[in-house]
Amino acid sequence: MKILIDVGGSGVKIKRYSQGRLQPETQRFKPTTFDEFCDAISQVAKEGESSTDSAVEGIAIALAGEYDYVDERAVSCWHYPFLTGCLRDNLVRRFNCRNVHVVNDGDAHALALKADYTQKGMALRGAINLSLGTAVGFGILDWKGDLIHTCRGHNWEVGNWQCDTHEERKDQYWALGSQGLKSLEDKHGSPDAYIYYGQRLCHFFARDLVP
């Protein structure tokens, strides 16, 4: 089986891919140590054990933070600092599994976009993907669909980005602009709210991120 992990601000979310199928439910954890993180992986894997599929054959992690692809080292992890350093090597040893991949979440989303285009038989002529959460990450694909990184081999990471908002919730998707999406829905109705929100999103890109 393969284990898929998203490490973000709302917690560590884990899914299992076994016997050609992705489990429907997502299990959420909030580990406080590396050992607890590994225990969460083991728990999800154990629940999927069967007579034909019991070993962890691969682990893929999308990490909210800065990742060094040259040395394969997590430089920063915004919400789980104990997952920095040689995360990949530590997981290889812990689970006796060489097939371990760690990428930034913005890069993961860009690669997912590439996979979606490929599945639909469409050509992808480069892309810029933004991951908007409690941190902001970029995933950039060149014209061949390969990830582009900085000169030192790191991903493009803006990091913790405080929005100027009157909302109590400050996470990016909710609070972008002076009103969150829920406030816009209450004021304008759902269809128009998404138009207003899209305009705020474009303004956010142009005013704050592009410079």
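The structure under discussion appears in the preceding block.
Just so it is clear, the model here is predicted, and its values are computed rather than measured.

Thresholds applied
- Residues numbered from 1 in each chain as written.
- Predicted model: local features only at pLDDT ≥ 70, side-chain atom pairs only at ≥ 80, totals over all residues.
- Heavy atoms only, no water.
- Helix = DSSP H or I, 4+ residues; strand = E, 2+ residues; numbered from the N terminus.
- Expected span 1.5 Å × (residues − 1).
- Buried < 20%, exposed > 50% of the residue type's maximum accessible area, 1.4 Å probe, protein only.
- Arc of directions from axis to C-beta.
- Contact = heavy atoms within 4.5 Å.
- Pairing = 2+ DSSP bridges.
- Phe/Tyr/Trp six-rings, centres within 6.5 Å; stacked < 30°, edge-to-face > 60°.
- Salt bridge = Lys/Arg side-chain N within 4 Å of Asp/Glu carboxyl O.
- Core = buried A, V, L, I, M, F, W, Y, C linked by side-chain atoms within 4.5 Å.

> How would you sum up helix 1 (residues 34-47)? Please name residues and give values.
The end-to-end C-alpha distance of helix 1, which contains 14 residues, comes to 20 Å, matching closely the 20 Å that a straight helix rising 1.5 Å per residue would cover. Turning to helix 1, its buried residues number three or more, namely Phe34, Phe37, Cys38, Ala40, Ile41, Val44 and Ala45. Along helix 1, the residues classed as buried sweep out an arc of 150° about the axis, all on the same side. The secondary structure elements touched by the buried residues of helix 1 are strand 1 (2-8), strand 2 (11-18), strand 4 (27-29), strand 5 (58-63) and helix 2 (87-95).

> Help me get a handle on unusual backbone geometry, residues and values and all.
Even without a glycine there, the phi angle at Glu72 is positive, about 50°. Looking at the element boundaries, Glu72 is found in the loop between strand 6 (67-68) and strand 7 (73-74). The residue Asn96 is not glycine, and still its phi comes out positive at about 50°. Within the secondary structure, Asn96 is located in the loop between helix 2 and strand 8 (100-104).

> Any details on the pairing of strand 1? Residues and values, ideally.
Pairing of strand 1 with strand 2 involves seven bridges; the strand directions are antiparallel. Within strand 2, the residue paired with Leu4 across the bridge is Lys15. Here strand 1 pairs with strand 5 via six bridges, running parallel. The residue bridging Leu4 from the neighbouring strand is Ala60, located in strand 5.

> Got a sec to walk through the packing of aromatic side chains? Specific residues and values, please.
A complete count under the given rule lists three aromatic pairs for this structure. Each ring, one from Tyr67 and one from Tyr69, has its centre 5.1 Å from the other, and the planes form 70°; the classification is edge-to-face. Overall, the relative accessible area of 2% leaves Tyr67 in the buried class.

> How would you explain the pattern of salt bridges if you had to name every residue and give the values?
Using the criterion set out here, one finds eight salt bridges in the structure. Between Asp6 and Lys13 there is a salt bridge, with the nearest N and O atoms lying 3.2 Å from each other. Here Asp6 falls in the partly exposed class, since its relative accessible area comes to 25%. For Lys13, a relative accessible area of 16% gives the class buried. We note a salt bridge from Arg94 to Asp39, for which the minimum N-O separation is 4.0 Å. Placement of the pair is Arg94 in helix 2 and Asp39 in helix 1, with a sequence separation of 55 residues. Salt bridges linked by common partners bring Asp35, Asp39 and Arg94 together as one network.

> Explain the nonpolar core to me, and be specific about the residues and the numbers.
Among the nonpolar cores identified, the biggest contains 30 residues, and Ile3, Ile5, Val7, Ile14, Phe37, Ile61 and Leu91 are the most heavily contacted of them. For this core, the secondary structure elements donating two or more residues are strand 1, strand 2, helix 1, strand 5, helix 2 and strand 8. Here this core takes seven residues from helix 1, the largest share from any one element. The residues contacting Ile5, other than those within four sequence positions of it, are Val12, Lys13, Ile14, Phe37, Ile41, Ile59, Ala60, Ile61 and Ala62. One finds Leu176, Leu184, Ala193 and Phe204 within the second-largest nonpolar core, a separate group that totals six residues.

> Please set out the side chain of Asn129 residue by residue, giving values where relevant.
Residue position: Asn129 is located in strand 9 (residues 127-132). Excluding its chain neighbours within four sequence positions, the residues that come into contact with Asn129 are Gly106, His109, Ala110, Gly137, Phe138 and Gly139.

> Help me get a handle on the pairing of strand 9, residues and values and all.
Residues Ala127, Asn129 and Ser131 of strand 9 are buried on one face, while the alternating residues Ile128, Leu130 and Leu132, pointing to the opposite face, are not. Two elements, strand 9 and strand 10 (residues 135-141), share six bridges in a ladder whose sense is antiparallel. In the strand pairing of strand 10, Leu130 is matched with Phe138.

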